[in-house]
Amino acid sequence: MNKTEYLKKLTNELGHMPYGDVQDIIQSIEEHFEEGISAGRSEEEIAASLGDPKELAMEFKDGVKFKQIMKKRKMSDNFKGPDGRGRIFVIVFNAFVGIECWILLLAAIIAAFCFLAADFAFIGLIVAGLITGTLTEFILPFIFLILTLICVAVFLVALLILGIKYYAKGLKSYIRWNKNVWNYGLGEE
Amino acid sequence: MEKKDIKLLITGAIALFLACFLGIITLVLFAVKLGGKAMEYDWKGAFGQTDGVVQEIGD
């Protein structure tokens, strides 16, 4: 794959990112190609060293900077075999910190969901009470209570949407980081 | 963070602010209403009856 083909594929894969970010990424890749060519490498060699455009685009989408990606590529090129310390770290870290934190966050999301369900149930009860005339003496405070509960529901829905989205995103990145440490070690050397 | 997420975050923040604001108004309204009820309540009569019962037990 030459430079033009590689950049075209990468641009297609980056499609959903903001235009400015795509421009910055393409520029940094072009500079990388130019540096490689001036060092006597062929376009095909440089493209191969960058790896699959789809994977590269995914890394950019996860917010990884170009320098970090290149450092990782260099690390995997110099990789001599699995690092035992990295694997021990993954096991110990997940056993005592990682998995617990993710379960705790999941529990918070489930709690917010239950709270939202209770909120709707409470609104339903008050509305039923107002319609049937059981709460005739406290109509005004209960109307305000319904409005408050509706606002709480809106807040919880926003919180849940963002929470679930970033939980999934974070978990995905966390698993990828674990895989990386498991395969390539902690990279301290 | 995407623009859509920021909008959602702002919506959530506004909803939380309104919930607090309306919550305080609700509490005040309940307090006023219950206060009114308490003022209307026949405390003397109620405690008078209890006093009588206590007196009988004492005797």
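Keep in mind that this is a model prediction, so the values were computed, not measured. (Residues numbered from 1 in each chain as written. Chains lettered and ligands numbered in written order. Predicted model: local features only at pLDDT ≥ 70, side-chain atom pairs only at ≥ 80, totals over all residues.)

A.B. asks: Quick one: what's the story with the overall build of chain A, residue by residue and with numbers?
C.D. replies: Each helix and strand in chain A was counted, giving 7 helices and 0 strands. Ordered by position from the N terminus, the helices and strands of chain A form the series α-α-α-α-α-α-α. Scored against the burial criterion, the 189 residues of chain A give a buried share of 14%. By sequence separation, contacts in chain A at least 24 residues apart represent 74% of the contacts at least 6 residues apart. (Helix = DSSP H or I, 4+ residues; strand = E, 2+ residues; numbered from the N terminus. Buried ≥ 20, exposed ≤ 12 C-beta atoms within 10 Å, placed from the backbone. Contact = placed C-beta atoms within 7 Å.)

A.B. asks: Talk me through the interface of chain B and chain A; I want residue IDs and the actual numbers.
C.D. replies: Contact with chain B, which involves 16 residues of that partner, is made by 15 residues of chain A. Residue classes in the side of chain B that touches chain A are distributed as 10 nonpolar, 4 polar and 2 charged. (Nonpolar A, V, L, I, M, F, W, Y, C, P; charged D, E, K, R; others polar.)

A.B. asks: Explain the nonpolar core to me, using residue names and the numbers behind them.
C.D. replies: Core analysis: the largest hydrophobic core is formed by 12 residues, namely Tyr6(A), Leu10(A), Leu14(A), Ile25(A), Ile29(A), Phe33(A), Ile46(A), Ala47(A), Leu50(A), Leu56(A), Ala57(A) and Phe60(A). Secondary structure elements with two or more residues in this core: helix H1 (3-13), helix H2 (19-38), helix H3 (43-50) and helix H4 (53-61) of chain A. Listed in part, the 11 residues of the second largest apolar core include Val152(A), Leu156(A), Ala158(A) and Ala15(B). (Core = buried A, V, L, I, M, F, W, Y, C linked by C-beta atoms within 7 Å.)

A.B. asks: I'd love a proper account of the confidence of the model for chain B, names of residues and values included.
C.D. replies: Mean pLDDT over chain B stands at 85; residues scoring 70 or higher make up 95%. This prediction of the complex comes with two scores: 0.62 for pTM and 0.74 for ipTM. (pLDDT = per-residue confidence, 0-100.)

A.B. asks: Talk me through H2(A); I want residue IDs and the actual numbers.
C.D. replies: Residues and elements named next belong to chain A. Between its terminal C-alpha atoms H2 stretches 29 Å, which fits the 28 Å expected from 20 residues at 1.5 Å a residue. For H2, the set of buried residues is Ile25, Ile29 and Phe33. All buried residues of H2 project into a common sector of 80° when viewed along the axis, lining one side. Exposed residues on H2 whose side chains face more than 90 degrees from its buried face are Gly20, Gln27, Glu30, Glu31, Glu34, Glu35 and Ser38. The positive-phi residue at the C-terminal boundary of H2 is Gly40, with phi of around 95°. (Expected span 1.5 Å × (residues − 1). Arc of directions from axis to C-beta.)

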